[in-house]
Amino acid sequence: MARAGRRLQRLAIFAILSVAVVVMLFPFAYMLLTSFRSYDQFLAGSGFSLDSWQGLFDELPVVQQMINSAIVTGSSVALILFASTTAGYAFAKLRFPVAPLLFVGILAGMMIPVQSIIIPEFVNIANAGLINQYPGPILVYAALGIPFGTYLMTTYFRGVPTELVEASLMDGASYRQIFIGVMVPLAVPAIVTVAVLQFIQIWGDLLIGLLFLNQPDVRTITVGLATLQSARIIPVPMIMAGSILSLLPAVIVYLFFQRQLIAGLTMGMGK
Amino acid sequence: MRDAAAFEPAVAEVQPVPPRRSTGGLRRSERRAGVLFVIPAVLLYALLLALPIIQTFYYSLTRWNGIDATFIGLANYERLFSDPTFWRVVANNVILLAAIPIAILIPLAVAFLLNEHVSGWRFFRSAYFLPTAISWVVIGIVAVRFFAQRGILNSLLAALGIPVTTDMLASEWTAMVAVAITFIWSVFGTNTIIFITGMATLDRDVYEAARVDGAGGFATFRHITIPLLMRFIQFAFVLTLITGFTALFSLIFVMTTGGPGFGTTTLEFYVYQTAFAQGEFGYAAAVGVVLFVIVFGISLIQLRLLRDRSE
């Protein structure tokens, strides 16, 4: 009797969780289904075709915009990884003047909302002549990623035994050699976590791209989609096809690196 | 291996050197290395985060069009606090605040059920977390289709035989509710994962003891899970709060562009509108300062709570 009740209970739990899955995955199914309809088929609610996908590639610079996204996101992530692993190593393992102050200062950067700095940032970048140039948004994204990246890398490097550094020093290795030969290989899990989190965030960002890349041919795919959508001039099935195209890289990264993504998220709890 | 052997005599030779001189030289090269290694991060941080936040504070005291700035003291703030539009915008943020308990409780309940590990729970977990990888822009694009007059919601209502036609994005308050619902949907996966992680840290024996004592599912949830998860609930709360204040720009841009009227303009969106649509950079900087103070304040409270707990 008790066992039957328990079974029923687990069945009920399964049912509730399934409903939640439908709610969470429905938008993806809707996007996919709609993208394989022409506008007329979309209005009629039946039939399938490749018209909207064809139209997407024929009428909109989506290939160029995917390339733009890859350049901007890839360079920003590379810059974040470089600056935050070097800084993390220095803060965790080296003693130098004003280190604690710098560390706290950089961490405080995590509490600055983008919108609070965006106006002077825009004017500064414009004065530097970097509007509609890739380096403009790349530098801004990199700076925004530095506080979290440095925090995560420092925390990680602190867990590496200092004896490792000292032993290599005794062997005559320089600090640079220790960094490249010992610390970076050890930190691969943390580096992947930072890379995945930043990739997803920068790939999907709108505000920075919208302001710093305002010509259609240099826009990222996310900005391209958002501007089309807000102008309400684009057929629904075509924008769904564009949405799917834009989210593919992030979903692929997600499927491969789900664990690191979760690790990065819970790292923020500062245990 | 051969390298290590070659270094052995060198180590032996170093030893007779007086320790103080040795550490002195080491300290100097360590200092130099430390400074060199932080330079890239510090430069990016100083020029592109620290400098602009200081500029925001300064320009909030000016009338500024992006080129010429005239110092006007606190006039922007006086104007801001007596501007009904500003308070309308703040009210929209308050609606988002009201959504947070829902954005916490649903994931908490689902995580509790997920923690029973019924068959397929790993798949469920992955499915819930997937939207975390998706841009707010794409989420917004689908949300527009969901809430539109000829959209999914109305089709659903019709299919269920409910004779109601909604057009939530067309009027101010309902549009804000639509944004809030989308916000709850978007943070569901993140919060569920936080709670699942938390529950994994709990001792299974506590549940067994509760079951032996005859506590039902809900009683266990209410009196054991929630109190023990307080640290995680608080973390999810602050994260959701900060997301609500600072991460909804794209969603609002795509769903409503802040309208109808100022119906869905939140503080962060108001900064953008005031600066880049109306060209009032100084006034917008004042809004940016208000946003900064709120978010910084929330973060400081969070730090304080974390410290209190660890003491």
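A quick note: this is a predicted structure, and the numbers were derived from the prediction, not measured.

### Quick look at the overall build of chain A
The secondary structure content of chain A amounts to 13 helices and 0 strands. Ordered by position in the sequence, the α and β elements of chain A form the string α-α-α-α-α-α-α-α-α-α-α-α-α. For chain A, the C-alpha radius of gyration of 24 Å lies well beyond 18 Å, the compact-globule estimate for 271 residues. C-alpha extents for chain A along the principal axes are approximately 75 × 75 × 35 Å. Considering chain A as a whole, with its 271 residues, one finds that 46% of them fall into the buried category.

### What about the nonpolar core?
As a rule of thumb, nonpolar side chains are buried together in soluble globular proteins. Ranked by size, the top nonpolar core spans 171 residues in total, and within it A:Ala142 and A:Ala143 carry the most contacts. When residues in this core are grouped by element, the largest group, 14 residues, is from helix α7 (residues 135–158) of chain A. Two domains each put at least three residues into this core: domain 1 (2–51) and domain 2 (60–267) of chain A. Once you skip the residues sitting within four places of it in the chain, A:Ala143 turns out to touch B:Leu44, B:Tyr45, B:Leu48 and B:Leu49.

### Description of the domain arrangement of chain A
Residues and elements named next belong to chain A. The domain boundaries assigned to chain A delineate domain 1 (2–51) and domain 2 (60–267). On a C-alpha basis, the centres of domain 1 and domain 2 stand 34 Å from each other. Listed per partner, the contact involves 8 residues of domain 1 and 7 residues of domain 2. Only α1 (2–35) and α2 (39–44) provide two or more residues apiece to the side of domain 1 that touches domain 2. Looking at the side of domain 1 that touches domain 2 residue by residue, the classes come out as 4 nonpolar, 3 polar and 1 charged.

### Considering the environment of B:Ala178
All names here are of chain B. Summarising the element assignment, alanine 178 is placed in helix α8 (residues 172–200). For alanine 178 and leucine 47, which are 131 residues apart along the polypeptide, the C-alpha to C-alpha distance reads 38 Å. In contact with alanine 178, other than residues within four places in its own chain, are Phe147, Met168 and Leu169.

### Considerations on the interface of chain B and chain A
Counting residues at the interface gives 78 residues for chain B, matched by 76 residues for chain A. For the side of chain B that touches chain A, the element with the most residues is helix α2 (residues 19–59) of chain B, which contributes 20 residues. A per-class count over the side of chain B that touches chain A returns 57 nonpolar, 16 polar and 5 charged.

### Points about α8(B)
Over its 29 residues, α8(B) extends 42 Å from the first C-alpha to the last, a length consistent with the 42 Å expected when each residue adds 1.5 Å. Roughly 40 degrees is the biggest bend found in α8(B), and it falls at B:Phe188.

### Things to note about the environment of A:Pro161
Residues and elements named next belong to chain A. Note that proline 161 resides in the loop between α7 and α8 (162–170). Residue classification places proline 161 among the exposed positions, given that 9 C-beta atoms sit within 10 Å. For the pair proline 161 and lysine 93, spaced 68 residues apart in sequence, the C-alpha separation works out to 9.4 Å.

### A word on the packing of helix α5 (residues 121–129) of chain B against α8(B)
Residue and element names in this part refer to chain B. Put simply, α5 and α8 touch, their axes get as near as 7 Å, and they point 135 degrees apart. Considering their axes alone, α5 and α8 lie oblique with respect to each other. On α8, the residues touching Arg125, Tyr128 and Phe129 of α5 are Phe188, Gly189, Thr192, Ile193 and Ile196. The residue inventory of the contact of α5 with α8, partitioned by class, reads 5 nonpolar, 2 polar and 1 charged.

About the cut-offs
- Residues numbered from 1 in each chain as written.
- Chains lettered and ligands numbered in written order.
- Predicted model: local features only at pLDDT ≥ 70, side-chain atom pairs only at ≥ 80, totals over all residues.
- Helix = DSSP H or I, 4+ residues; strand = E, 2+ residues; numbered from the N terminus.
- Rg over C-alpha atoms; globule rule 2.2 N^0.38 Å.
- Buried ≥ 20, exposed ≤ 12 C-beta atoms within 10 Å, placed from the backbone.
- Core = buried A, V, L, I, M, F, W, Y, C linked by C-beta atoms within 7 Å.
- Domains from an automatic or database assignment.
- Contact = placed C-beta atoms within 7 Å.
- Nonpolar A, V, L, I, M, F, W, Y, C, P; charged D, E, K, R; others polar.
- Expected span 1.5 Å × (residues − 1).
- Bend = angle between axes of the 7 residues up to and from the residue.
- Axes fitted to C-alpha atoms, helices over the stretch in contact; angles between N-to-C directions.
- Parallel < 35°, antiparallel > 145°, perpendicular 65-115°, else oblique.

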